[in-house]
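As a plain string of letters, each chain reads:
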Amino acid sequence: MPKAARTKQKWSHKKKSKVALQPLGHAKHAPTPDKWGKMIQYGTFQVTDEDEKEYGFSVDDVVRVLPNGRKVGDKLAIYDYWISRILDIRATKESDVWVQIEWFYSARDAAREVPTFDASRCGLYERLRSNHIDYVSSSVFDGSVTLRKYDETSLDQDAILEDDFYYRYTIDVANKEISPAPRATCTCNLPYNPSDAAPDALMHFCPQPACRNYYHSGCITTKGAPPATERDRGFLLRDPDTGVYLELDLMSSASEPPKKRRRPSASHGAPAPEGLPAQAQALLDGLPPVLVSAAAQPIVKGGAFPAGGVVGNITAVLTARRLVFEALRDGQKVTDGWQAHMPDGWQALVDVRLGEGVSATRRPRVARWSAGGGFSKGKGKAKTDDADEVLALECPGCGGPI
Ligand SMILES: [Zn+2]
Ligand SMILES: [Zn+2]
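Residues numbered from 1 in each chain as written. Chains lettered and ligands numbered in written order. Predicted model: local features only at pLDDT ≥ 70, side-chain atom pairs only at ≥ 80, totals over all residues. Heavy atoms only, no water.

Caption draft 1: The nonpolar core, seen in detail. Membership of the largest hydrophobic core comes to 56 residues, with the highest contact counts inside it found for L287, I314 and V324. Only β11 (165-172), β13 (203-205), β14 (214-216), α5 (278-285), α6 (289-295), α7 (314-330) and α8 (346-349) provide two or more residues apiece to this core. Per element, the largest residue contribution to this core is 10 residues, and it comes from α7. Built from parts of two domains, this core gets at least three residues from each of domain 1 (3-179) and domain 2 (199-392). Those residues in contact with V324, other than ones at most four positions away along the chain, are L236, L284, L287, L291, V292 and A295. Ranked by size, the runner-up nonpolar core spans 29 residues in total, among them V63, I86, A91 and C122. (Core = buried A, V, L, I, M, F, W, Y, C linked by side-chain atoms within 4.5 Å. Buried < 20%, exposed > 50% of the residue type's maximum accessible area, 1.4 Å probe, protein only. Helix = DSSP H or I, 4+ residues; strand = E, 2+ residues; numbered from the N terminus. Domains from an automatic or database assignment. Contact = heavy atoms within 4.5 Å.)

Caption draft 2: Geometry of the coordination of the zinc ion (ligand 2). On the protein side, the zinc ion (ligand 2) has C206 (SG), C211 (SG), C395 (SG) and C398 (SG) as donor atoms, found 2.2 to 2.3 Å from it. Here the zinc ion (ligand 2) binds 4 donor atoms, and the angle range of 101 to 120° at the metal identifies the geometry as tetrahedral. The motif formed by the donor residues of the zinc ion (ligand 2), counted along the single chain, is C-x4-C-x183-C-x2-C. Take C206 and C211: they sit in the same class, and that class is buried. (Donors = N, O, S within 2.8 Å, 3.2 Å for Na, K, Ca; no water. Tetrahedral: all angles 85-135°; square planar, octahedral: opposite > 155°, others 65-115°.)

Caption draft 3: The arrangement of unusual backbone geometry in detail. Cis rather than trans, the peptide bond between S179 and P180 has omega equal to -10°. Here P180 is to be found in the loop between β12 (177-179) and β13. Look at E52: it is not a glycine, yet its phi comes out positive at around 65°. Checked against the element boundaries, E52 lands in the loop between β3 (44-48) and β4 (54-58). By relative accessible area, which is 51% here, E52 ends up exposed.

Function-wise, these values are silent; they only describe arrangement.
As C-alpha coordinates, then:
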(Lines give C-alpha, C1' and ligand atoms only; values in the text may rest on other atoms or scores of the structure.)
(Ligands and ions follow the chains in the order given, each with its own letter.)
Protein backbone atom coordinates (compact mmCIF):
# COMPACT_ATOMS: atom_id res chain seq x y z
CA MET A 1 0.00 0.00 0.00
CA PRO A 2 1.47 3.41 -0.90
CA LYS A 3 2.41 5.61 2.02
CA ALA A 4 0.17 8.45 0.85
CA ALA A 5 -2.88 6.23 1.11
CA ARG A 6 -1.86 4.98 4.49
CA THR A 7 -1.49 8.46 5.87
CA LYS A 8 -5.19 9.05 5.26
CA GLN A 9 -6.15 6.20 7.54
CA LYS A 10 -7.17 6.97 11.06
CA TRP A 11 -7.07 5.04 14.24
CA SER A 12 -9.98 5.55 16.56
CA HIS A 13 -9.74 3.87 19.90
CA LYS A 14 -10.97 4.21 23.43
CA LYS A 15 -8.44 5.69 25.75
CA LYS A 16 -8.60 3.67 28.92
CA SER A 17 -6.58 5.99 31.11
CA LYS A 18 -3.90 8.55 30.72
CA VAL A 19 -0.48 7.19 31.51
CA ALA A 20 2.23 9.41 32.88
CA LEU A 21 5.67 8.93 31.38
CA GLN A 22 8.92 8.22 33.08
CA PRO A 23 10.96 11.41 32.97
CA LEU A 24 11.99 11.94 29.36
CA GLY A 25 12.79 8.27 29.13
CA HIS A 26 11.42 5.42 27.12
CA ALA A 27 7.92 4.32 28.01
CA LYS A 28 7.25 0.81 29.23
CA HIS A 29 6.46 -1.65 26.47
CA ALA A 30 7.75 0.74 23.80
CA PRO A 31 8.33 -1.12 20.55
CA THR A 32 11.77 -2.37 19.72
CA PRO A 33 13.39 -0.96 16.58
CA ASP A 34 12.59 -4.23 14.86
CA LYS A 35 8.92 -4.09 15.82
CA TRP A 36 8.69 -0.38 14.97
CA GLY A 37 9.98 -1.12 11.48
CA LYS A 38 7.21 -3.63 10.90
CA MET A 39 4.34 -1.52 12.25
CA ILE A 40 1.94 0.21 9.87
CA GLN A 41 2.41 3.95 9.47
CA TYR A 42 -0.50 6.35 9.94
CA GLY A 43 -0.95 10.09 9.53
CA THR A 44 -3.42 10.62 12.34
CA PHE A 45 -4.98 8.91 15.33
CA GLN A 46 -7.85 9.71 17.64
CA VAL A 47 -8.35 9.18 21.31
CA THR A 48 -11.54 9.40 23.37
CA ASP A 49 -11.44 10.64 26.92
CA GLU A 50 -13.54 9.56 29.89
CA ASP A 51 -16.32 11.96 28.82
CA GLU A 52 -16.47 10.41 25.34
CA LYS A 53 -14.91 13.51 23.84
CA GLU A 54 -12.74 12.75 20.83
CA TYR A 55 -9.35 14.26 20.15
CA GLY A 56 -7.49 13.93 16.89
CA PHE A 57 -3.71 14.10 16.56
CA SER A 58 -1.63 14.24 13.39
CA VAL A 59 2.00 14.11 12.36
CA ASP A 60 3.64 17.51 13.01
CA ASP A 61 1.14 18.43 15.73
CA VAL A 62 2.69 19.91 18.84
CA VAL A 63 1.10 18.18 21.78
CA ARG A 64 1.14 18.36 25.53
CA VAL A 65 1.83 15.38 27.74
CA LEU A 66 0.88 14.92 31.37
CA PRO A 67 4.16 15.16 33.28
CA ASN A 68 5.47 12.20 35.19
CA GLY A 69 4.01 12.04 38.67
CA ARG A 70 0.91 14.07 37.84
CA LYS A 71 -2.49 12.44 37.73
CA VAL A 72 -5.39 13.07 35.43
CA GLY A 73 -7.58 15.69 37.11
CA ASP A 74 -4.64 17.41 38.87
CA LYS A 75 -4.86 21.16 38.59
CA LEU A 76 -2.05 21.97 36.23
CA ALA A 77 -1.23 25.19 34.40
CA ILE A 78 -0.86 24.70 30.66
CA TYR A 79 2.79 25.77 30.87
CA ASP A 80 3.49 22.95 33.33
CA TYR A 81 2.79 20.25 30.74
CA TRP A 82 5.51 18.51 28.82
CA ILE A 83 5.59 19.50 25.17
CA SER A 84 6.55 17.42 22.15
CA ARG A 85 6.05 17.27 18.41
CA ILE A 86 4.64 14.19 16.68
CA LEU A 87 7.08 12.82 14.10
CA ASP A 88 5.53 9.46 13.23
CA ILE A 89 2.53 7.33 14.15
CA ARG A 90 2.53 3.54 13.91
CA ALA A 91 0.26 0.76 15.13
CA THR A 92 -0.21 -2.98 15.12
CA LYS A 93 -3.81 -2.95 16.33
CA GLU A 94 -6.36 -0.57 17.80
CA SER A 95 -5.00 -0.80 21.32
CA ASP A 96 -1.34 -0.64 20.31
CA VAL A 97 -0.66 2.78 18.78
CA TRP A 98 2.81 4.25 19.25
CA VAL A 99 4.03 7.68 18.47
CA GLN A 100 7.55 8.90 17.70
CA ILE A 101 8.10 12.37 19.15
CA GLU A 102 10.77 14.98 19.62
CA TRP A 103 10.77 16.57 23.03
CA PHE A 104 10.75 20.30 23.65
CA TYR A 105 12.58 20.80 26.94
CA SER A 106 11.49 23.20 29.61
CA ALA A 107 14.19 25.67 30.63
CA ARG A 108 14.62 23.84 33.94
CA ASP A 109 15.10 20.49 32.23
CA ALA A 110 17.56 22.09 29.81
CA ALA A 111 19.54 23.56 32.72
CA ARG A 112 19.85 20.07 34.21
CA GLU A 113 21.54 18.99 30.99
CA VAL A 114 23.59 22.16 30.51
CA PRO A 115 24.22 23.67 33.97
CA THR A 116 25.57 26.94 32.57
CA PHE A 117 22.18 27.67 31.01
CA ASP A 118 20.25 30.20 33.08
CA ALA A 119 16.66 28.96 33.24
CA SER A 120 15.57 32.06 35.14
CA ARG A 121 15.85 34.13 31.95
CA CYS A 122 13.26 32.05 30.11
CA GLY A 123 9.52 32.57 29.91
CA LEU A 124 6.85 30.29 31.35
CA TYR A 125 5.79 29.11 27.90
CA GLU A 126 9.31 28.87 26.57
CA ARG A 127 10.74 25.53 25.50
CA LEU A 128 13.98 24.43 23.89
CA ARG A 129 13.78 22.28 20.81
CA SER A 130 15.77 19.11 21.43
CA ASN A 131 17.20 16.23 19.46
CA HIS A 132 15.82 13.85 22.10
CA ILE A 133 13.62 11.46 20.13
CA ASP A 134 11.28 9.20 22.05
CA TYR A 135 8.56 6.60 21.49
CA VAL A 136 5.43 6.91 23.58
CA SER A 137 2.00 5.36 23.75
CA SER A 138 -0.80 7.33 22.09
CA SER A 139 -2.58 7.41 25.46
CA VAL A 140 -0.22 9.99 26.99
CA PHE A 141 -1.35 12.93 24.87
CA ASP A 142 -3.54 15.48 26.54
CA GLY A 143 -4.18 18.01 23.76
CA SER A 144 -2.58 20.15 21.09
CA VAL A 145 -0.86 23.47 21.61
CA THR A 146 0.54 26.26 19.46
CA LEU A 147 4.32 26.46 19.37
CA ARG A 148 6.24 29.08 17.42
CA LYS A 149 9.86 29.69 16.63
CA TYR A 150 11.14 32.99 17.98
CA ASP A 151 14.09 34.64 16.25
CA GLU A 152 15.15 37.49 18.51
CA THR A 153 17.20 39.08 15.76
CA SER A 154 14.35 39.24 13.24
CA LEU A 155 12.70 42.55 12.45
CA ASP A 156 9.71 40.72 10.97
CA GLN A 157 9.03 38.09 13.59
CA ASP A 158 5.46 36.77 13.58
CA ALA A 159 3.44 37.52 16.68
CA ILE A 160 3.65 35.14 19.64
CA LEU A 161 0.77 35.53 22.05
CA GLU A 162 1.30 35.53 25.79
CA ASP A 163 0.03 31.95 26.12
CA ASP A 164 1.60 30.50 22.97
CA PHE A 165 4.47 28.12 23.48
CA TYR A 166 7.65 29.20 21.70
CA TYR A 167 11.31 28.33 21.41
CA ARG A 168 14.35 30.43 20.60
CA TYR A 169 17.05 27.89 21.53
CA THR A 170 17.87 24.34 20.53
CA ILE A 171 19.44 21.85 22.90
CA ASP A 172 21.71 19.08 21.70
CA VAL A 173 21.13 16.59 24.48
CA ALA A 174 23.96 14.26 23.50
CA ASN A 175 26.60 16.98 23.31
CA LYS A 176 25.16 19.14 26.11
CA GLU A 177 25.05 22.24 23.96
CA ILE A 178 22.51 25.02 23.60
CA SER A 179 22.38 27.17 20.50
CA PRO A 180 22.31 29.93 19.65
CA ALA A 181 23.96 31.21 22.81
CA PRO A 182 21.44 33.34 24.74
CA ARG A 183 21.74 36.92 23.50
CA ALA A 184 22.48 39.47 26.14
CA THR A 185 22.02 42.69 24.19
CA CYS A 186 21.65 44.99 27.17
CA THR A 187 24.46 46.61 29.10
CA CYS A 188 23.56 44.42 32.09
CA ASN A 189 24.40 41.26 30.12
CA LEU A 190 21.11 39.59 31.04
CA PRO A 191 19.00 38.07 28.25
CA TYR A 192 15.34 38.92 27.71
CA ASN A 193 12.84 37.16 29.94
CA PRO A 194 9.46 37.48 28.17
CA SER A 195 7.50 36.52 31.29
CA ASP A 196 9.01 39.17 33.55
CA ALA A 197 6.26 41.75 33.95
CA ALA A 198 8.30 44.16 36.07
CA PRO A 199 8.36 47.66 34.53
CA ASP A 200 12.15 47.73 34.68
CA ALA A 201 12.30 44.50 32.65
CA LEU A 202 10.47 46.01 29.69
CA MET A 203 12.93 46.13 26.81
CA HIS A 204 13.33 49.04 24.39
CA PHE A 205 14.64 48.47 20.89
CA CYS A 206 17.18 50.86 19.44
CA PRO A 207 16.46 51.01 15.70
CA GLN A 208 19.76 52.59 14.68
CA PRO A 209 21.27 50.14 12.18
CA ALA A 210 24.61 50.21 13.97
CA CYS A 211 22.90 49.29 17.25
CA ARG A 212 19.70 47.30 16.75
CA ASN A 213 19.68 45.99 20.28
CA TYR A 214 17.15 45.78 23.06
CA TYR A 215 17.79 47.40 26.45
CA HIS A 216 15.93 46.96 29.74
CA SER A 217 13.95 49.96 30.82
CA GLY A 218 15.72 49.79 34.16
CA CYS A 219 19.15 49.81 32.50
CA ILE A 220 18.56 52.96 30.51
CA THR A 221 20.78 55.52 32.16
CA THR A 222 20.09 59.11 32.92
CA LYS A 223 23.34 60.58 31.70
CA GLY A 224 23.13 62.91 28.77
CA ALA A 225 20.18 63.66 26.60
CA PRO A 226 19.22 62.51 23.10
CA PRO A 227 20.89 64.53 20.35
CA ALA A 228 18.93 67.68 19.73
CA THR A 229 18.26 66.76 16.14
CA GLU A 230 16.54 63.57 17.20
CA ARG A 231 14.28 65.09 19.76
CA ASP A 232 11.20 65.10 17.63
CA ARG A 233 9.71 63.14 14.81
CA GLY A 234 12.83 63.85 12.81
CA PHE A 235 13.72 60.21 13.25
CA LEU A 236 10.90 59.45 10.82
CA LEU A 237 13.12 61.03 8.16
CA ARG A 238 15.58 58.17 8.57
CA ASP A 239 15.27 55.07 6.42
CA PRO A 240 14.27 52.56 9.11
CA ASP A 241 16.33 49.84 7.44
CA THR A 242 19.54 51.71 6.64
CA GLY A 243 19.45 54.67 9.01
CA VAL A 244 20.13 57.02 6.09
CA TYR A 245 18.56 60.46 6.35
CA LEU A 246 16.56 61.98 3.55
CA GLU A 247 18.47 64.83 1.92
CA LEU A 248 16.51 67.60 3.49
CA ASP A 249 17.53 70.43 1.22
CA LEU A 250 15.69 68.72 -1.61
CA MET A 251 12.62 68.79 0.51
CA SER A 252 12.60 72.53 0.65
CA SER A 253 12.49 72.89 -3.12
CA ALA A 254 9.04 74.18 -3.98
CA SER A 255 9.59 73.62 -7.69
CA GLU A 256 10.33 69.94 -7.33
CA PRO A 257 7.81 67.70 -9.06
CA PRO A 258 5.83 65.95 -6.36
CA LYS A 259 6.61 62.46 -7.56
CA LYS A 260 10.33 62.93 -7.94
CA ARG A 261 12.11 60.48 -5.75
CA ARG A 262 14.06 62.20 -3.03
CA ARG A 263 17.61 61.07 -2.62
CA PRO A 264 18.66 59.69 0.72
CA SER A 265 21.74 61.36 2.08
CA ALA A 266 24.88 59.35 1.53
CA SER A 267 26.13 59.92 5.03
CA HIS A 268 24.72 57.88 7.87
CA GLY A 269 26.14 60.19 10.46
CA ALA A 270 25.13 63.49 8.90
CA PRO A 271 23.05 65.38 11.39
CA ALA A 272 19.61 66.50 10.40
CA PRO A 273 18.80 70.17 10.82
CA GLU A 274 17.60 71.31 14.20
CA GLY A 275 13.93 70.55 14.55
CA LEU A 276 11.65 69.09 11.97
CA PRO A 277 11.75 71.04 8.68
CA ALA A 278 8.48 72.69 7.80
CA GLN A 279 8.30 70.78 4.54
CA ALA A 280 8.75 67.50 6.32
CA GLN A 281 6.14 68.51 8.86
CA ALA A 282 3.76 69.39 6.02
CA LEU A 283 4.35 66.01 4.42
CA LEU A 284 3.76 64.25 7.72
CA ASP A 285 0.60 66.29 8.19
CA GLY A 286 -0.64 64.95 4.86
CA LEU A 287 -0.32 61.34 6.01
CA PRO A 288 -2.96 59.48 8.02
CA PRO A 289 -2.43 60.66 11.62
CA VAL A 290 -2.93 57.15 12.96
CA LEU A 291 -0.11 55.90 10.72
CA VAL A 292 2.28 58.67 11.77
CA SER A 293 1.41 58.04 15.39
CA ALA A 294 2.08 54.31 14.94
CA ALA A 295 5.45 55.04 13.33
CA ALA A 296 6.43 57.34 16.16
CA GLN A 297 5.83 54.77 18.90
CA PRO A 298 8.73 53.41 20.89
CA ILE A 299 9.57 49.79 20.08
CA VAL A 300 9.17 47.66 23.18
CA LYS A 301 8.69 44.10 24.33
CA GLY A 302 8.15 42.43 27.66
CA GLY A 303 5.62 41.33 30.22
CA ALA A 304 4.87 44.96 31.14
CA PHE A 305 3.47 45.39 27.62
CA PRO A 306 1.12 42.38 27.43
CA ALA A 307 -0.50 43.49 24.17
CA GLY A 308 2.81 42.73 22.48
CA GLY A 309 2.94 39.13 23.68
CA VAL A 310 6.48 37.77 23.53
CA VAL A 311 7.70 39.67 20.48
CA GLY A 312 6.42 43.15 21.34
CA ASN A 313 5.50 45.74 18.74
CA ILE A 314 8.62 45.81 16.56
CA THR A 315 6.94 44.51 13.41
CA ALA A 316 4.00 46.91 13.65
CA VAL A 317 6.09 50.01 14.39
CA LEU A 318 8.80 49.26 11.82
CA THR A 319 6.15 48.58 9.15
CA ALA A 320 4.57 51.95 9.93
CA ARG A 321 8.00 53.65 9.84
CA ARG A 322 8.73 52.11 6.43
CA LEU A 323 5.37 53.30 5.06
CA VAL A 324 5.94 56.81 6.38
CA PHE A 325 9.53 56.96 5.16
CA GLU A 326 8.62 55.72 1.68
CA ALA A 327 5.87 58.32 1.43
CA LEU A 328 8.25 61.10 2.47
CA ARG A 329 11.01 59.89 0.18
CA ASP A 330 8.75 59.55 -2.82
CA GLY A 331 6.75 62.69 -2.08
CA GLN A 332 3.60 60.68 -2.28
CA LYS A 333 0.57 60.20 -0.15
CA VAL A 334 0.10 56.84 1.45
CA THR A 335 -2.36 54.83 -0.59
CA ASP A 336 -5.69 53.92 0.92
CA GLY A 337 -4.88 50.29 1.45
CA TRP A 338 -1.89 50.93 3.74
CA GLN A 339 -3.47 49.05 6.61
CA ALA A 340 -3.14 45.84 4.59
CA HIS A 341 0.65 46.08 5.01
CA MET A 342 0.36 46.22 8.77
CA PRO A 343 0.47 42.99 10.82
CA ASP A 344 -2.73 41.58 12.29
CA GLY A 345 -3.88 43.36 15.42
CA TRP A 346 -1.45 46.24 14.89
CA GLN A 347 -3.76 48.81 16.48
CA ALA A 348 -3.20 47.33 19.94
CA LEU A 349 0.56 47.29 19.35
CA VAL A 350 0.97 50.97 18.62
CA ASP A 351 -0.69 52.33 21.71
CA VAL A 352 2.26 52.20 24.04
CA ARG A 353 1.70 53.97 27.33
CA LEU A 354 5.03 54.02 29.03
CA GLY A 355 3.94 55.80 32.15
CA GLU A 356 3.85 52.59 34.12
CA GLY A 357 6.79 51.11 32.26
CA VAL A 358 9.23 53.85 33.11
CA SER A 359 10.77 53.44 36.50
CA ALA A 360 9.64 56.11 38.90
CA THR A 361 12.49 55.39 41.28
CA ARG A 362 15.32 55.51 38.79
CA ARG A 363 13.77 58.56 37.20
CA PRO A 364 15.30 58.16 33.77
CA ARG A 365 15.62 61.19 31.59
CA VAL A 366 12.49 61.22 29.53
CA ALA A 367 12.11 63.10 26.32
CA ARG A 368 8.57 64.23 25.83
CA TRP A 369 7.11 65.00 22.51
CA SER A 370 3.56 66.11 22.12
CA ALA A 371 1.73 66.69 18.90
CA GLY A 372 0.90 70.26 19.71
CA GLY A 373 3.93 71.44 21.55
CA GLY A 374 7.16 70.11 20.09
CA PHE A 375 9.71 68.65 22.38
CA SER A 376 10.72 69.10 25.95
CA LYS A 377 12.91 67.00 28.16
CA GLY A 378 12.64 66.35 31.79
CA LYS A 379 13.17 63.90 34.58
CA GLY A 380 10.47 61.89 36.17
CA LYS A 381 7.56 59.74 35.42
CA ALA A 382 6.09 60.20 32.00
CA LYS A 383 2.62 61.52 31.52
CA THR A 384 0.21 59.05 30.03
CA ASP A 385 -2.93 61.09 29.62
CA ASP A 386 -2.00 62.47 26.22
CA ALA A 387 -2.52 59.71 23.66
CA ASP A 388 -0.44 61.55 21.10
CA GLU A 389 2.55 62.02 23.34
CA VAL A 390 5.65 60.19 22.29
CA LEU A 391 8.47 59.35 24.63
CA ALA A 392 12.07 59.07 23.68
CA LEU A 393 14.64 57.52 25.97
CA GLU A 394 18.35 57.57 25.42
CA CYS A 395 19.87 54.36 24.10
CA PRO A 396 22.61 53.21 26.49
CA GLY A 397 24.43 51.68 23.53
CA CYS A 398 24.62 54.44 20.97
CA GLY A 399 22.96 57.43 22.62
CA GLY A 400 20.17 57.63 20.06
CA PRO A 401 16.50 57.99 20.92
CA ILE A 402 14.62 54.78 21.63
ZN1 LIG B 1 19.67 45.35 31.11
ZN1 LIG C 1 21.34 52.35 20.14
